[in-house]
Amino acid sequence: MKPNLKSSKHQLHPHSIKYLNLGHPWIIKDTFTEKFNPEADFIISSEFVLLNDPEHNRIKARLWQKTNQSEQEVAKNFEAELVKRIVVALKKRQGLPFHNERENFFWIFSEADFLPGLQLLSLNKNLIISFYAYYWKKYEDIIVKVIQNELPNHTSLWIQYRSENQSKQTPPKFISGKQEPIFLIEEFGLKYNIEIGNAYDFGIYTDMASIRKQMGRELFAQKSVLNLFSYTGAFTLQAMKYGAKHVASVDSSSVILSVLEKNLATNFSDISTHQSVCKKAEAVLRDYAKNKTIFDTIICDPPSAFYDGKKRKSVKDFYQEKLMELFDITAKNGNLIVFCNTHTFSEDNFVQLIKKILGSKPFKIKTSYRLGEDCLPLKNFPEGNYLKGICIQKN
Ligand SMILES: C[S@@+](CC[C@H](N)C(=O)[O-])C[C@H]1O[C@@H](n2cnc3c(N)ncnc32)[C@H](O)[C@@H]1O
């Protein structure tokens, strides 16, 4: 069904115009966006056509195109342009080398494919459409139809409305195909247990796949490894695969650790070198400091915001309080790998924060990890580069 599209002309903040011209596609809430007509599908400002998102808390509109077309032409061509961009994104990833190495990858990755706030994830041919912008709800039928036509070999199709607001976060809903939500996928020779539809996430973070690929044997072989905020154990499985001497996986959720243990049992016959620790990271760090427990490799990947047992804190607060403790339990010549997974804190700011906290401690920044392969961010759009990891070597 073709939606009846409306547009509305508005002024933008001069900074928004400057950044749009540089390729930054978001309009963040300000006094100008307060005047946006909530009924409009498009916000038009000189040659910029933006998709209006009144429901979103922060990102009030996203760039659709820069054009001299009339409002009527933009509306008339919208559906064809949407279909074209989806097809281009799918074609771009066909036959790329990562298909031989993993069964999880993104066919569509939002702004990088000029489909702002829209993602399409493939998990062993099960497809999940994710809407990070609320306006896509109106075009759900069109998007579903084109994906069903273009990827006819998929097993099932699901849709998820992703939200920054935790109370609005719901699992994907089933759309079509065979409803078999529990299955295995393979990535770099390791198997992962996946379940769609039961929780907000499914058991693996695919945007980290290209980073996992870079984190090889030298970080894990014969090393003692701490995987802090382990989730279902993607880094744990890797450490075990490369022959770590000992691996501790820490997560505050027992449900999540039970999936991690299932993943271990699926991949390894001997898991005696592994220990699951179901505790808050902060408490575990206190225990390790008290017992003088040291690790050769530490991977720390906290959520962007979380509850530490007393209050809600940001990833930045966490590192401000705990980075030094993490450094202290890293062995000399060991690696401390810290991740920051939020578009609200840039890679530069993250590096500056690390340098400030560690001050004159003996360390060097060895490697930076960023999104890659199927998830390439846009130039001049630092928020698209939301996932960053820094490998700190202790000297
Ligand atoms: C971003 S995920 C980690 C992803 C994981 N590193 C991976 O690569 O698959 C964050 C995890 O932190 C856990 N978590 C949240 N707050 C925690 C806390 N205070 N202490 C320990 N784990 C916590 C959550 O249960 C979740 O599994």
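All values derive from a computational prediction rather than experimental measurement. (Residues numbered from 1 in each chain as written. Predicted model: local features only at pLDDT ≥ 70, side-chain atom pairs only at ≥ 80, totals over all residues. Heavy atoms only, no water.)

### Considerations on the overall build of the protein
Here is the rule: Elements are defined by DSSP. Helices are runs of H or I of four residues or more, strands are runs of E of two residues or more, and each kind is numbered from the N terminus. What the globule rule says is 2.2 Å times the number of residues to the power 0.38, and the radius of gyration is computed from C-alpha atoms. Per-residue accessibility, obtained with a 1.4 Å probe over protein chains only, is compared with the maximum for each type, and a residue is labelled buried under 20%, exposed over 50%, and partly exposed between these values. Residues count as neighbours in contact if any of their non-hydrogen atoms are within 4.5 Å of one another. Using a 1.4 Å probe, the Shrake-Rupley method yields the accessible areas, and only the shown protein chains count as cover for residues. Charge counting follows a simple rule: Lys and Arg are positive, Asp and Glu are negative, and His as well as the terminal groups are ignored. A charged residue contributes its charge at one atom only: NZ of Lys, CZ of Arg, CG of Asp or CD of Glu.
For the protein, the count of helices and strands is 10 helices and 21 strands. Here the protein has a C-alpha radius of gyration of 22 Å; the compact-globule value for 395 residues is 21 Å, and the two agree. For the C-alpha atoms alone, the extent of the protein along its principal axes is close to 70 × 50 × 35 Å. When burial is assessed residue by residue, the protein has 53% of its 395 residues classed as buried. Of the contacts formed within the protein by residues at least 6 apart in sequence, a portion of 63% connects residues at least 24 apart. In the structure as shown, the protein presents an accessible area of about 18000 Å², 50% of it carried by carbon and sulfur atoms. Taking the 54 positively charged and 43 negatively charged side chains of the protein as two groups, their mean positions are separated by 4 Å.

### Quick look at the sheet that holds strand β2 (residues 26–28)
Rule in force here: Should DSSP find at least two bridges between two strands, the strands are regarded as paired. Here an angle of 0 to 180 degrees is reported between the N-to-C directions of two axes, which are lines fitted to C-alpha atoms, with helices fitted over the stretch in contact.
Pairing in this open sheet of five strands is mixed, and the strands run β1-β3-β4-β5-β2 from one edge to the other. The sheet is open, and its two borders are formed by β1 (7–9) and β2, each paired with just one other strand. Across the sheet, the axes of successive neighbouring strands diverge by a mean angle of 30 degrees, strand direction being ignored. Running at roughly 90 degrees to strand β5 (residues 59–66), helix α2 (residues 71–93) makes contact with β1, β3 (42–45), β4 (48–52) and β5 of the sheet.

### Focus: the domain arrangement of the protein
Rule in force here: Delimitation of the domains relies on an automatic or database domain assignment. Here the quantity called buried area is the total loss of accessible area, with a 1.4 Å probe, experienced by two parts when brought into contact, counted for both. A carboxyl oxygen of Asp or Glu within 4 Å of a side-chain nitrogen of Lys or Arg is what we treat as a salt bridge. Three residue categories are used. Nonpolar comprises Ala, Val, Leu, Ile, Met, Phe, Trp, Tyr, Cys and Pro, charged comprises Asp, Glu, Lys and Arg, and polar comprises the others, including Gly.
With domains assigned, the protein is organised as domain 1 (7–76), domain 2 (80–180) and domain 3 (205–394). Just the C-alpha atoms count here: the centres of domain 2 and domain 3 sit 28 Å apart. Taken together, the contact between domain 2 and domain 3 spans 15 residues of the former and 16 residues of the latter. In total, about 1100 Å² of surface goes out of reach between domain 2 and domain 3, with carbon and sulfur atoms giving 55% of it. Its largest share of buried area at the contact with domain 3, domain 2 owes to Arg 102, Phe 106 and Phe 109, together 41% of the area lost on that side. Between domain 2 and domain 3 we count three salt bridges in total. Looking at the side of domain 2 that touches domain 3, the elements that each hand over two or more residues are β6 (104–109) and β7 (118–123). It is β6 that provides the largest number of residues to the side of domain 2 that touches domain 3, a total of four residues. The class makeup of the residues in the side of domain 2 that touches domain 3 is eight nonpolar, two polar and five charged.

### Some thoughts on the side chain of Arg 162
As a reminder of what qualifies: Within 3.5 Å is the distance limit for a polar contact, defined as a pair of N or O atoms, with the added protein rule that one can donate a hydrogen and the other accept it, and that residues adjacent in sequence qualify only through two side-chain atoms.
Secondary-structure assignment places Arg 162 in the loop between β9 (156–161) and β10 (173–177). With a relative accessible area of 12%, Arg 162 lands in the buried category. In this structure the side chain of Arg 162 is engaged in a polar contact, spanning 2.6 Å, whose partner is the side chain of Gln 160. Within the local environment of Arg 162, its side chain forms a polar contact with the side chain of Asp 201, the two groups lying 3.1 Å apart.

### What to know about the pairing of strand β19 (residues 330–341)
Across the 12 residues of β19, nine count as buried, placing the element largely inside the fold. Sheet topology places strand β16 (residues 295–300) next to β19; five bridges connect them, and they run parallel. Across the sheet, residue Phe 295 finds its bridge partner in β19, namely Thr 330. Inspection of the sheet shows β19 paired to strand β21 (residues 387–394) by seven bridges, in the antiparallel sense. By the bridge assignment for β21, Asn 341 is matched with Leu 387.

### Remarks on the site of the ligand
We count it as follows: Being near a molecule or strand, for a residue, means having at least one of its heavy atoms within 4 Å of it.
The environment of the ligand is made up of 18 residues, and the closest members are Phe 229, Asp 251, Ser 252, Ala 281 and Asp 301. A distance of 3.4 Å is found between a nitrogen atom of the ligand and a side-chain nitrogen or oxygen belonging to Glu 282. Out of a free accessible area of 610 Å², the ligand has 92% covered by protein chains. Secondary structure elements with two or more residues in the shell around the ligand: α8 (281–291) and β17 (305–307). Class assignment of the residues belonging to the shell around the ligand gives a composition of 10 nonpolar, three polar and five charged.

### Here's the deal with the nonpolar core
Here is the rule: Buried Ala, Val, Leu, Ile, Met, Phe, Trp, Tyr and Cys residues that are joined via side-chain atoms within 4.5 Å together make up what is termed a nonpolar core.
With 41 residues, the main nonpolar core has Leu 123, Ile 194, Met 215 and Phe 339 as its most contacted residues. Ranked by residues supplied to this core, first place goes to helix α6 (residues 234–241) with five residues. Inspection of this core shows a minimum of three residues originating in each of domain 2 (80–180) and domain 3 (205–394). Ignoring sequence-local partners within four residues, the contact set of Met 215 consists of Phe 220, Phe 235, Gln 238, Tyr 242, Ile 299, Ile 337, Phe 339 and Tyr 369. Listed in part, the 36 residues of the second largest apolar core include Ile 108, Leu 118, Leu 120 and Ile 147.

### Remarks on helix α10 (residues 347–358)
To keep things clear, this is the line we draw: In a helix, the anticipated span is given by 1.5 Å times the number of residues less one. It is the directions from the helix axis to the C-beta atoms whose arc is reported.
Here α10 spans 17 Å end to end across 12 residues, near enough to the 16 Å set by a 1.5 Å rise per residue. All of the buried residues in α10 are Glu 347, Phe 350, Val 351, Leu 353, Ile 354, Ile 357 and Leu 358. For α10, the angular spread of the buried residues around the axis is 160 degrees, confining them to a single face. Along α10, exposed side chains directed more than 90 degrees from the buried face belong to Asp 348 and Lys 356. Where α10 terminates, the next one or two residues include Gly 359, which has phi positive at roughly 50 degrees.

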